[in-house]
Amino acid sequence: MKKKSLLFFMLFLVGAVGLSAQKVVVTNPVYEFNSSGITNVSKIEITPKETRLHIHSTFIPHWWVHFSHNTFIEDADTGERYVVTGMEKGELEKQIYMPASGDSTMILIFPPLDTKKVKRIHYGEDDNTIVYGLSLNPKAKAAPKGEVPAEVTQWIEAELKKAEKQTLVDLDSEAFFSRQPARLIGYIKGYTPQAGFTSGIVYAENELTRESSPVVIQIHEDGRFEGEIPLIHPIYKYVIFQNQNVNFYIEPGQTLSMVIDWEEFRHADRYRNRRYMFKDIRFSGAAGEVNKELANIESRLPDFNFGKLYDNFSLDADKYTLLLDSIMHDRQEALREILDTEQLLSHTRAILQAESLIRYYSYLFEYEINYTRSRMQGEETEQKSLPASFYSFLHKIPLNDQKLLIASSFSMFLNRLEYANIFMEGRTAVSVVQEPEINLGEYLYGELGLEMDADDKAYFSIQHTNEGVFTPNEEQIKMMHAFSEKYKKQIESYVAKYMGLMGYKEKTLAYWHYKDSIYTEVLKLAPSLTYDITKLREMKFDFEQMEKEDGLDLLSKLILPIPNSFLKAEGVRLYNDMYAAKSNGAYKLPPGKGTDIFRSMTDQFKGKYIFVDFWATTCGPCIGGIKSQKEARAKYKDSPDVAFLFITNDRESPLNDYEKFVEEQELTNVYRIKQDDYLYLRELFKFNGIPRYVMVDREGRIMDDNFQMHNFEYALQKALKEE
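Cut-offs applied
- Residues numbered from 1 in each chain as written.
- Predicted model: local features only at pLDDT ≥ 70, side-chain atom pairs only at ≥ 80, totals over all residues.
- Heavy atoms only, no water.
- Helix = DSSP H or I, 4+ residues; strand = E, 2+ residues; numbered from the N terminus.
- Buried < 20%, exposed > 50% of the residue type's maximum accessible area, 1.4 Å probe, protein only.
- Contact = heavy atoms within 4.5 Å.
- Areas by Shrake-Rupley, 256 points an atom, 1.4 Å probe, with all protein chains shown as cover.
- Core = buried A, V, L, I, M, F, W, Y, C linked by side-chain atoms within 4.5 Å.
- Polar contact = N/O pair within 3.5 Å; in protein donor to acceptor, adjacent residues only side chain to side chain.
- Phe/Tyr/Trp six-rings, centres within 6.5 Å; stacked < 30°, edge-to-face > 60°.
- Lys NZ or Arg CZ within 6 Å of the ring centre and 35° of its normal.
- Disulfide = S-S within 2.5 Å.
- Expected span 1.5 Å × (residues − 1).
- Arc of directions from axis to C-beta.
- Axes fitted to C-alpha atoms, helices over the stretch in contact; angles between N-to-C directions.
- Parallel < 35°, antiparallel > 145°, perpendicular 65-115°, else oblique.
- Pairing = 2+ DSSP bridges.
- 1 Å grid on protein atoms, 1.4 Å probe; cavity = no way out; pocket = protein on both sides within 12 Å on 5 of 7 lines; lining within 4 Å.
- Points joined across faces, edges and corners; volume = space filled by probe spheres on them.
- Nonpolar A, V, L, I, M, F, W, Y, C, P; charged D, E, K, R; others polar.

S.K.: Looking at this model, I keep getting lost on the overall build of the protein. Mind explaining?
M.R.: Along its length, the protein carries 23 helices and 25 strands. For the protein, the proportion of its 723 residues judged to be buried stands at 48%. For the protein, restricting intrachain contacts to residue pairs at least 6 apart in sequence, the fraction spanning at least 24 positions comes to 71%. Looking at the protein as shown, the accessible area adds up to about 36,700 Å², and 52% of this sits on carbon and sulfur atoms.

S.K.: I tried to follow the nonpolar core on my own but got confused; where do I start?
M.R.: Nonpolar side chains in soluble globular proteins tend to end up buried together. Judged by nonpolar contacts, the single largest core of 80 residues is most densely connected at L208, Y249, L394, F410, F413 and F423. For this core, the element with the highest residue contribution is helix α7 (residues 346–376), accounting for twelve residues. If sequence neighbours within four positions are ignored, F410 has contacts with E207, I358, L404, L405, T530 and I533. In terms of nonpolar packing, the next biggest core, distinct from the first, is built from 53 residues, L589, F611, I647 and F661 among them.

S.K.: Mind showing me how you'd approach the environment of E125 here?
M.R.: Among the structural elements, E125 can be located in strand β11 (residues 120–125). Taking the C-alpha atoms as reference points, E125 and F67, separated by 58 residues in sequence, lie 7.7 Å from one another. In contact with E125, not counting residues within four places along its chain, are H66, F67, S68, N70, T71, F72 and I130. At a separation of 3.4 Å, a polar atom in the side chain of E125 contacts the side chain of S68.

S.K.: Help me out: how do you make sense of the environment of H66 in this one?
M.R.: For H66, the location among the structural elements is in the loop between β5 (64–65) and β6 (71–75). Taking the C-alpha atoms as reference, H66 lies 6.2 Å from K94; in sequence the two are 28 residues apart. Leave out the neighbours within four places in its chain, and H66 touches E93, K94 and E125. A polar atom in the side chain of H66 sits 3.1 Å from the side chain of E93.

S.K.: What exactly am I supposed to notice about unusual backbone geometry here?
M.R.: Leaving glycine out, the prevailing phi sign among residues is negative, and the prevailing peptide bond configuration is trans. That bond from I690 to P691 is cis: its omega, 5°, falls within 30 degrees of zero. Located in the positive-phi region is R210, a residue other than glycine, with phi close to 65°. Topologically, R210 is positioned in the loop between β14 (199–206) and β15 (211–219). A residue is classified by how much of its surface remains accessible, and R210, at 27% relative accessible area, is partly exposed. Positive phi values are uncommon outside glycine, yet Q242 reaches one of about 50°. Relative to the helices and strands, Q242 resides in the loop between β17 (235–241) and β18 (244–250).

S.K.: Even after reading the chapter, I still don't get the packing of aromatic side chains, so can you show me in this structure?
M.R.: What characterises a pair of aromatic rings is the spacing of the ring centres plus the angle enclosed by the ring planes. Overall, the coordinates contain 48 aromatic pairs when judged by the stated rule. Between the aromatic rings of Y519 and Y531, the centroid separation amounts to 3.9 Å while the plane-to-plane angle is 15°, which identifies the pairing as stacked. Note that Y519 is positioned in helix α14 (residues 504–522) and Y531 in helix α15 (residues 529–545), a separation of twelve residues in sequence. No difference in accessibility class separates Y519 from Y531, as the two residues are buried. Measuring from ring centre to ring centre gives 5.7 Å for F543 and Y579, while their planes differ by 55°; the resulting arrangement is tilted. Of this pair, F543 sits in helix α15 while Y579 sits in helix α17 (residues 565–584), and the two are 36 residues apart along the sequence. When the ring centre of F72 is taken as reference, the NZ or CZ atom of R81 above it lies at 3.6 Å. Just above the ring of Y658 sits the side chain of R672; from NZ or CZ to the centre is 5.8 Å.

S.K.: Explanation requested: the state of the cysteines in the structure shown.
M.R.: Linking two cysteines covalently through their sulfur atoms gives a disulfide. Tallying each qualifying case throughout the model produces one disulfide. What pairs with C619 in a disulfide is C622, and their sulfur atoms sit 2.2 Å apart. Because the sign of the S-S torsion sets the handedness, a value of about 80° for the bond joining C619 and C622 places this disulfide among the right-handed ones. The exposure classification of C619 matches that of C622, with both residues buried.

S.K.: Even after reading the chapter, I still don't get helix α2 (residues 150–161), so can you show me in this structure?
M.R.: Structurally, the α-helix is built with 3.6 residues per turn, so residues lying three or four positions apart point the same way. The first and last C-alpha atoms of α2 sit 17 Å apart over twelve residues, in line with the 16 Å expected at 1.5 Å per residue. Turning to α2, its buried residues number three or more, namely V152, W155, I156, E159 and L160. Summarising the axial view, the buried residues of α2 lie within an arc of 130°, below the 170-degree limit, and thus occupy one face. When the buried face of α2 is taken as reference, the exposed residues oriented beyond 90 degrees from it are E151, Q154 and K161. Looking at the packing, one finds that the buried side of α2 touches β13 (182–189), β16 (224–229), β19 (255–261) and β20 (281–285).

S.K.: Looking at this structure, I do not really get the side chain of N291. What am I missing?
M.R.: Note that N291 resides in helix α4 (residues 288–300). The exposure class of N291 is buried, given its relative accessible area of 2%.

S.K.: Where do I start with the packing of helix α16 (residues 548–558) against α17 in this structure?
M.R.: Angle between the axes and distance between the axes: these two values describe a pair of packed helices. Relative orientation of the contacting elements α16 and α17 amounts to 170°, with a least axis distance of 11 Å. Judged by the inter-axis angle, α16 sits roughly antiparallel to α17. Every residue of α17 that contacts α16 at K548, G551, L552 and L555 is listed here: G571, V572, Y575 and Y579.

S.K.: Would you mind showing me how to read the sheet that holds strand β8 (residues 86–88) here?
M.R.: Whether parallel or antiparallel, the strands of a sheet pair through hydrogen bonds between backbone atoms. Spatially, β1-β3-β4-β10-β8 is the arrangement adopted by the five strands of the open sheet, whose pairing is antiparallel. The sheet terminates laterally at β1 (24–27) and β8, the two strands that pair on one side only. Pairwise comparison of adjacent strand axes, ignoring direction, gives a mean angle of 25° for this sheet. As defined by bridge partners, strand β4 (residues 51–58) adjoins strand β10 (residues 103–110) across eight bridges and the pair is classed as antiparallel. When the bridges of β10 are listed, H54 appears paired with I107.

S.K.: Sorry if this is basic, but what is going on with the side chain of E366 here?
M.R.: Of note, E366 is situated in helix α7. Judged by its relative accessible area of 7%, E366 is buried. Ignoring any residue separated from it by four or fewer positions in sequence, one finds E366 in contact with Y310, F313, M412 and R416.

S.K.: Please explain the layout of surface pockets as it appears in this structure.
M.R.: The gaps of empty space that remain are located by a probe, the size of a water molecule, rolled over the atoms. Approximately 570 Å³ is the volume found for the second largest pocket. For the second largest pocket, the lining is made up of 22 residues, of which Y31, E32, A143, K145 and G190 are closest to its centre. Only β2 (33–34), β13 and α3 (262–270) provide two or more residues apiece to the lining of the second largest pocket. Of all the elements, α3 adds the most residues to the lining of the second largest pocket, at three residues. Looking at side-chain class alone, the lining of the second largest pocket contains ten nonpolar, four polar and eight charged residues.

Here it is as structure tokens:
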């Protein structure tokens, strides 16, 4: 009897061991890193037949998730992959909509794993690994979330002590303006390079001169980050990490530290239907307390549907203003209550007030520019422009208050102010002053006696139906280029004979005389810092168009009379820099990572003039520009003198769209590089927006780092002629 019992017990043990080998269940498996805020692996079941991953998705209610046939698990140690074979509670390659709760669990089925050999797996889709190092040990415990490592804390403290300025500036003093750079440093808690990015970027800009200075924020493998930001005054900006904006305030000469938790990035990834405000940030440095208050208040303010504003530009001005008030009401009221009831630092209060004010009135200007564009294109009403009374809101803005420059929206506000239609009509007025005796058509078909053919008639029909500012389509661009080539010599003789009455400098001074009169006599506005800045912002372009003596005359008449000493100094600097660059000619790129990345693509074309196009499939003007140059590319396809080079990145040009467009446009010499590398090229050539074109000479020197691609033929022939 005892032998039977012992035998039975041994058989039971063998069976139990066999069962455990047949099925392993890991609930809430420990993992090393998760790059997604939507996807979590809540359970892993392994049997001799299959491996089942329970994918718990947390997303916006009624939005959908998707699982492709290329979804995989991978042995973390050997790299061996197992592709999905089936799915429960959903269907592969189909959109799976989230319920009202925003939570749903799907089961993905993979081939079986040998748990004696496979200890950890990665989970992902296509070439994108999502969750790293999932443990197959049911007893594994997650390591406790640690604080910032001591060595990182020591590094931050040491860097903060190096800062030139340890106190805040008086925002109303002359010390507001300064050319001291600032440093942004910090640490991303929980970061590893598996996050898929190793750098961030700050789109810094000199708003006084319209010079862009994007700065790469380098992220080290241990999660520390750092970068130096050129400044001319305090700013309220943001740094972009992984397409997520993190706001910060900083002043010239300061160092600001921010410690961010990776879990915040995952939250931001989850809430894609709104602008996510990072909440759990530890700031330190001279402006640390201001940043803490700003982050706290911004996270409490309700968001608003600015998309609705863009959908209603067809409304009359009064109705649009009412709509704007209704959309921003909750946010404005919440801010007003905070400002009225809470004790805040003076800097915090000033920044919030400037940001709110400039953002609101920027949307009125946005209405003005879109309203004007629709009327110029002949839509609906007979009224071509808004009355001067529309601009009365400018009297509600303290245009002489330098604190407005801190606001992140100030650059957009300036742009809309300087190109407001009530001023732009001045360009037409100046043109009328120097109207030639006869127009081009009268010269060609009257004075010269040429015969107008069907193509000529089509060209002039464009001119008559699109008076004012318009954006030509692809066919119209081709037609205009063909006309210019056909009558190139005749147009040159016409310009020399009839259009040489007023030089560029004279036109510019006449325009500003007109604009000044509108500003003071029509709008009844007093001289102000903001208006003076609009004059300085034009100088860079103006200096490019004229000789050094004319540039100096323009500087002395428009900029030197400005009362603000810093603006005057910036005008003089801009003048010296522009004409020094003109005399120096082509330049060599400075040593650095950006130059190395650029040369890895361009060195193979040495001996040719290279025209580099920074573009993206998500950029409309980029697409239009490439299409318009298709014939030129075909013309110079086998040229020993010319190479066209196209550079985009993996974030702004999704692979399928990229491949389709490249094939359609027959593009060669195309590079789709990692966004991290692309950011270094933005920093190298100082551009925030695209398309951006660069012309490189036969030796690899930069001839023009802000080339106008429509001048391609002229610039190439000029370069060849001067050799």
